[in-house]
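Topology and contacts: notes
Listed below are the residues making up each chain.
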Amino acid sequence: MRPLHRKGFWYIPGRLYDLAFGLIFYGSRRRVATAVERDGLYPWLDVCCGTGSQFRGSGGTRGPVFGLDKSCDMIRYAAARAPGRPFVCGDAARLPFKDEAFRAVTVSFGLHDKSADIRHTMMAEARRVLAPGGRLVAVDFENPWNAKSQAGTLVVRAVERLAGGEHYRNGRDFLKRGGLRAFLRENGFVETARHEIEVGSISIVVASPR
Ligand SMILES: C[S@@+](CC[C@H](N)C(=O)[O-])C[C@H]1O[C@@H](n2cnc3c(N)ncnc32)[C@H](O)[C@@H]1O
C-alpha cells in the first residue's frame, strides 16, 4: 500500500491542476463549504471531486464528507493529499450509495464537461441519494450577463479549448442550452440561493429537488 500512496501524492496531473486552479477556485470552494456548514448538511458527498481540494483548506471538516470521481488516479491523489478522508473511485451517473444517504451533494465544474445524457443521469442520481430536506450545491458556467462577465468568458473559453475536443464541445452545448440556471430548472431542482462570479460567468447555486 505504501508505494501506491506515495505515487498518488506525486500524481503529476493532480499537482498541475491544483497549481493552476487552487487559488482561483479558493473562493468558490469556501462558499460551497459555507452553504453546507451553515445548515449542517452532513453527510456531504462531493461528486466529480477531482483532486479533492474541496475538502482541503477551504472547509468541509465539520462532519462526514465523501469525495467521488471516475478517475482512480485522481482519487488516489485526493486520498494521499487528505489522509483519513474517504474518497471513492466511481461514476457520478451510477452512484455506489444507497437512497437518501446524504444531506448535501456538491458538484463543482463537473456538469458542463459531460454529455447531455450523462449530466441528466447525474442529477437523477443526486436526487436519489439526497435525504428529504437535502440540498444540491452546484458550481458551473452561465452565459455571460454583462460586459465584465463577457470579457472573462474569453479566458474561460481558451482554457476550455485546452481541455480538449469532447470537453469543449459539451461545454458549448451546456451554454447553448442555457447554462447552469436552465440545467437545474430542467432537471427538477429549485434554486434557494445563488452567488454569481462575474469574471468567468460562474454561478454557485444552492438548490432543492422539486
Ligand atoms: C473539471 S474537473 C472538476 C474537478 C473538481 N470538482 C474541481 O472543482 O476542481 C471534472 C472531474 O469530473 C470527473 N469525471 C468525469 N466523468 C465522471 C463521471 N462519470 N463520474 C465521476 N466523475 C467524473 C473527472 O475525472 C474530473 O476530475
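Before reading further, recall that the structure is shown in the block above.
Since this is a predicted model, take the numbers as computed values, not measurements. All residue numbers refer to position in the chain's written sequence, counted from 1. Where local features are concerned, this predicted model is filtered to residues with pLDDT of at least 70; where side-chain atom pairs are given and counted, the filter is 80 or more; whole-chain, interface and lining totals use all residues. In computing side-chain properties, one takes all heavy atoms of the structure into account and sets aside hydrogens as well as water.

**Comments concerning the pattern of salt bridges**
Under the convention used in this document: Any Lys or Arg side-chain nitrogen found within 4 Å of a carboxyl oxygen on Asp or Glu counts as a salt bridge. Strands here are runs of E lasting at least two residues and helices are runs of H or I lasting at least four, both read from the DSSP assignment and numbered beginning at the N terminus. Between buried and exposed lies partly exposed: a residue is buried under 20% and exposed over 50% of the maximum accessible area for its type, with that area taken using a 1.4 Å probe on protein chains only.
Across all of its chains, the model carries 15 salt bridges by this definition. Across the salt bridge formed by Glu37 and Arg62, the nearest N and O atoms sit 3.9 Å from each other. Here Arg62 lies in the loop between strand S1 (44-47) and strand S2 (65-69) and Glu37 lies in helix H3 (residues 26-38), a separation of 25 residues in the sequence. Its relative accessible area of 14% is what places Glu37 among the buried residues. Residue Arg62 is classed as exposed on the basis of its relative accessible area, which comes to 63%. The closest approach of N and O atoms between Arg194 and Glu196, which form a salt bridge, is 2.8 Å. Connected through salt bridges with shared partners, the residues Glu142, Arg181, Glu191, Arg194 and Glu196 form a single ionic network.

**A look at a positive patch on the surface**
Heads up, the condition is: Like charges within 9 Å and nonpolar side chains (Val, Leu, Ile, Met, Phe, Trp, Tyr) within 5 Å are joined into patches, using only residues over 30% in relative accessible area that form no salt bridge. Note on areas: these come from Shrake-Rupley sampling with a 1.4 Å probe, and a residue is covered only by the protein chains present in the view. When charges are counted, neither His nor the chain ends are considered; positive counts come from Lys and Arg and negative counts from Asp and Glu. By convention, the charge on Lys lies at NZ, on Arg at CZ, on Asp at CG and on Glu at CD.
Together, Arg157, Arg161, Arg172 and Lys176 make up a region of like positive charge exposed at the surface. Sorting the residues of the positive patch by element identifies helix H6 (147-163) and helix H7 (165-176) as the ones contributing at least two each. As for its placement among the helices and strands, Arg161 is situated in helix H6.

**What to know about the packing of aromatic side chains**
Test applied: Geometry of aromatic contacts follows a simple scheme: Phe, Tyr and Trp rings, the Trp one being its six-membered ring, pair when their centres are within 6.5 Å, and the pair is stacked under 30 degrees between planes, edge-to-face over 60, tilted otherwise. Here, a charge over a ring means that NZ of Lys or CZ of Arg falls within 6 Å of the ring centre while also lying within 35 degrees of the ring normal.
Following the criterion strictly, the structure yields 12 aromatic pairs and no others. Summarising the aromatic geometry, the rings of Phe21 and Phe25 are spaced 5.3 Å apart at their centres and angled 10° between planes, so their arrangement reads as stacked. Classification of Phe25 as buried rests on a relative accessible area of 10%. Between Phe55 and Phe87, the aromatic rings sit 6.2 Å apart at their centres with planes inclined by 45°, giving tilted as the arrangement. With Phe55 in the loop between S1 and S2 and Phe87 in strand S3 (residues 87-89), the pair connects residues that are 32 residues apart, well separated along the chain. Each member of the pair Phe55 and Phe87 is classed as buried. The ring of Phe9 carries Arg15 above its face, with NZ or CZ at 4.6 Å from the centroid. Taking the ring centre of Phe9 as reference, the NZ or CZ of Arg81 above it sits at 5.8 Å.

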